[in-house]
Amino acid sequence: MRWQKQNDYLVVRIYRDLVGDWVVTQCWGNNQGSSSYTHTLVDSYSNALELLREIGREQRQRGFRRKQGREEQLGFDFS
């Protein structure tokens, strides 16, 4: 998901890593090239969704708006 406010943005992704852990990655920055990120391990997909909802509430309170992003999911099978 992507949130934006003027030149500032936040992108959040939920995924499973190669060892099966659920990860919530937050990438934020601005159009001038400044950026940073964090990775948070969570116990389950439902916990990841709850964290995503919390992040969404915080972003709306800060004046950010959700933007539709085009992201392609690649069909890798590591099993």
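Above this note sits the structure.
Everything numeric in this text was worked out from a predicted model, so none of it was measured.

1. What to know about the pairing of strand S4 (residues 35-42)
Here is step 1: Here strand S3 (residues 22-30) runs beside S4; their pairing, made up of eight bridges, is antiparallel. From the neighbouring strand, Trp-22 faces S4, where its bridge partner is Val-42.
Here is step 2: Here S3 folds back onto S4, and the loop between the two strands holds four residues, one of which, Gly-33, carries a positive phi near 105 degrees.

2. Concerning helix H1 (residues 45-61)
Here is step 1: The end-to-end C-alpha separation of H1 is 25 Å, in line with the 24 Å expected for 17 residues at 1.5 Å each.
Here is step 2: For H1, the set of buried residues is Ala-48, Leu-51, Leu-52, Ile-55, Gly-56 and Gln-59. Looking down the long axis of H1, one finds its buried residues gathered within 145 degrees of arc, a one-sided arrangement.
Here is step 3: Where H1 is buried, its residues touch strand S1 (2-5), strand S2 (8-16), S3 and S4.
Here is step 4: Positive backbone phi, at 90 degrees, marks Gly-63, one or two positions downstream of H1.

3. Some words on the sheet that holds S4
Here is step 1: Read across the open sheet, the five strands follow the order S4-S3-S2-S1-S5; overall the sheet is antiparallel. Each edge of the open sheet is held by one strand with a lone partner, namely S4 and strand S5 (65-67). In this sheet, adjacent strand axes meet at a mean angle of 25 degrees when their direction is disregarded.
Here is step 2: Here three bridges tie S1 to S5, and the two strands are oriented antiparallel to one another. Its bridge partner being in S5, Trp-3 is matched across the sheet by Arg-66.
Here is step 3: H1 rests against S1, S2, S3, S4 and S5 of the sheet, and its axis sits at about 175 degrees to S2.

4. So, unusual backbone geometry
Here is step 1: At Gln-6, a position not held by glycine, the phi torsion is positive, near 50 degrees.
Here is step 2: Position of Gln-6 among the secondary structure elements: in the loop between S1 and S2.
Here is step 3: Under the relative-accessibility criterion, Gln-6 is labelled exposed at 71%.

5. Regarding the pattern of salt bridges
Here is step 1: A complete count under the given rule lists two salt bridges for this structure.
Here is step 2: Here Arg-53 ties to Glu-50 by a salt bridge, and the two come within 3.2 Å at their closest N and O atoms. With Arg-53 and Glu-50 both in helix H1, this residue pair falls three residues apart, about one helical turn.
Here is step 3: Across the salt bridge formed by Glu-50 and Arg-57, the nearest N and O atoms sit 3.6 Å from each other.
Here is step 4: Among the ionic contacts, a cluster of salt bridges with common partners joins Glu-50, Arg-53 and Arg-57.

Conventions and cut-offs
- Residues numbered from 1 in each chain as written.
- Predicted model: local features only at pLDDT ≥ 70, side-chain atom pairs only at ≥ 80, totals over all residues.
- Heavy atoms only, no water.
- Pairing = 2+ DSSP bridges.
- Helix = DSSP H or I, 4+ residues; strand = E, 2+ residues; numbered from the N terminus.
- Expected span 1.5 Å × (residues − 1).
- Buried < 20%, exposed > 50% of the residue type's maximum accessible area, 1.4 Å probe, protein only.
- Arc of directions from axis to C-beta.
- Contact = heavy atoms within 4.5 Å.
- Axes fitted to C-alpha atoms, helices over the stretch in contact; angles between N-to-C directions.
- Salt bridge = Lys/Arg side-chain N within 4 Å of Asp/Glu carboxyl O.

It is worth stressing that arrangement in space is one thing and function is another; only the former is reported here.
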